[in-house]
Amino acid sequence: DNPALQSYLDNLGGEHLLDKVIPPDNDNFAVAADNSPEATKKYFNDVAKIFVLNFAKIKSDLEVLRLAAVGGNPALLKTLDTNIFAIEKTIKEIKKLRTPSKWIEFAKKDVWYLSKNLAAVKILRNSESDPAAALLILTDRIKLIQDFRSLYVETAGRLAKENIAFGSKEPATILFFKP
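The rules behind each value
Residues numbered from 1 in each chain as written. Predicted model: local features only at pLDDT ≥ 70, side-chain atom pairs only at ≥ 80, totals over all residues. Heavy atoms only, no water. Helix = DSSP H or I, 4+ residues; strand = E, 2+ residues; numbered from the N terminus. Buried < 20%, exposed > 50% of the residue type's maximum accessible area, 1.4 Å probe, protein only. Contact = heavy atoms within 4.5 Å. Areas by Shrake-Rupley, 256 points an atom, 1.4 Å probe, with all protein chains shown as cover. Core = buried A, V, L, I, M, F, W, Y, C linked by side-chain atoms within 4.5 Å. pLDDT = per-residue confidence, 0-100. Phe/Tyr/Trp six-rings, centres within 6.5 Å; stacked < 30°, edge-to-face > 60°. Lys NZ or Arg CZ within 6 Å of the ring centre and 35° of its normal.

Caption draft 1: The overall build of the protein chain, seen in detail. What the protein chain contains, in helices and strands, is 6 helices and 2 strands. Counting from the amino terminus, the protein chain carries its helices and strands in the arrangement α-β-α-α-α-β-α-α. Every one of the 179 residues in the protein chain was classed for burial, and the buried ones make up 41%. Intrachain contacts of the protein chain at a sequence separation of at least 6 include 82% that bridge at least 24 residues. For the protein chain, the exposed area adds up to about 10,400 Å²; of that, 57% sits on carbon and sulfur atoms.

Caption draft 2: Examining the environment of Leu65 more closely. Checked against the element boundaries, Leu65 lands in helix α3 (residues 61-70). Spatially, the C-alpha atom of Leu65 lies 10.0 Å from that of Glu128, the residues being 63 residues apart in sequence. When residues no more than four places from it in sequence are discounted, the contact partners of Leu65 are Leu77, Leu124, Ser127 and Leu138.

Caption draft 3: Representation of the nonpolar core within the structure. Residues Phe44, Tyr152 and Phe176 are the most contacted members of the largest nonpolar core, which totals 45 residues. Of all elements in the fold, only α2 (37-55), α3, α4 (80-96), α5 (104-125) and α6 (131-161) reach the threshold of two or more residues within this core. Sort the elements by how many residues they give to this core and α5 lands first, with 11 residues. Those residues in contact with Phe44 that lie beyond four places of it in its chain are Trp103, Phe106, Thr155, Leu159, Phe166, Ala172, Leu175 and Phe176.

Caption draft 4: View of unusual backbone geometry. Notably, Asn163 is not glycine yet its phi reads approximately 60 degrees, a positive angle. Relative to the assigned elements, Asn163 resides in the segment after α6. Since its relative accessible area comes to 71%, Asn163 is described here as exposed.

Caption draft 5: Fine view of the confidence of the model for the protein chain. Residues of the protein chain with pLDDT of at least 70 account for 89%, and the chain-wide mean is 87. Looking at the elements of the protein chain, mean pLDDT is at its lowest for helix α1 (residues 3-13), recorded as 55, and at its highest for α2, recorded as 97.

Caption draft 6: Summary view of the packing of aromatic side chains. Taken as a whole, this structure holds 14 aromatic pairs when the rule is applied. Ring geometry for Phe148 against Tyr152: centres 5.6 Å apart, planes inclined by 70 degrees, an arrangement best described as edge-to-face. Separated by 4 residues within a single helix, Phe148 and Tyr152 lie in helix α6, roughly one turn from each other. The residues Phe148 and Tyr152 share a single accessibility class, namely buried. Within the aromatic cluster, the residues linked to one another by ring pairs are Tyr43, Phe44, Phe51, Phe55, Trp103, Phe106, Trp112, Tyr113, Phe148, Tyr152, Phe166 and Phe176. The ring centre of Trp112 lies 4.1 Å from the NZ or CZ of Lys116, which sits over that ring. Sitting over the ring of Trp103, Arg158 keeps its end group 3.8 Å from the ring centre.

Encoded structure:
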């Protein structure tokens, strides 16, 4: 029984750490007036290219955490620095894309989820110094992955309703799941 530890855990458990991440507003994006199917396809193909280029060589943060814990090797957590850099770079690059105005809400949610992922990975990266926060973030992290996936499933359905489809050789095909 450690009252100080229990108080600390109670304070952390009373909130979801990722709720502190502020959603971006329209001012953070390059908004384009062109909402044509061609502009939309270009936008999503560009988003896919950014994801592929930035995330091709990162490791699963949850797997890194597992390996560090199981192997008793907290030095492995340093490999999450690559993930942090990749997410930060992705956010910056997506904000710079010419986003068709019709898709600005998607872009904002996309960047918000990426920002929440960034916060979660930073907490996991520091799990050696704050293991309680890392444990508490795990449930939120898994829900975040599900929410991020749902955004893309919903967007795929919206694109289909607008008769916007991607050919098998277009980068955006990797982003979307069947609605």
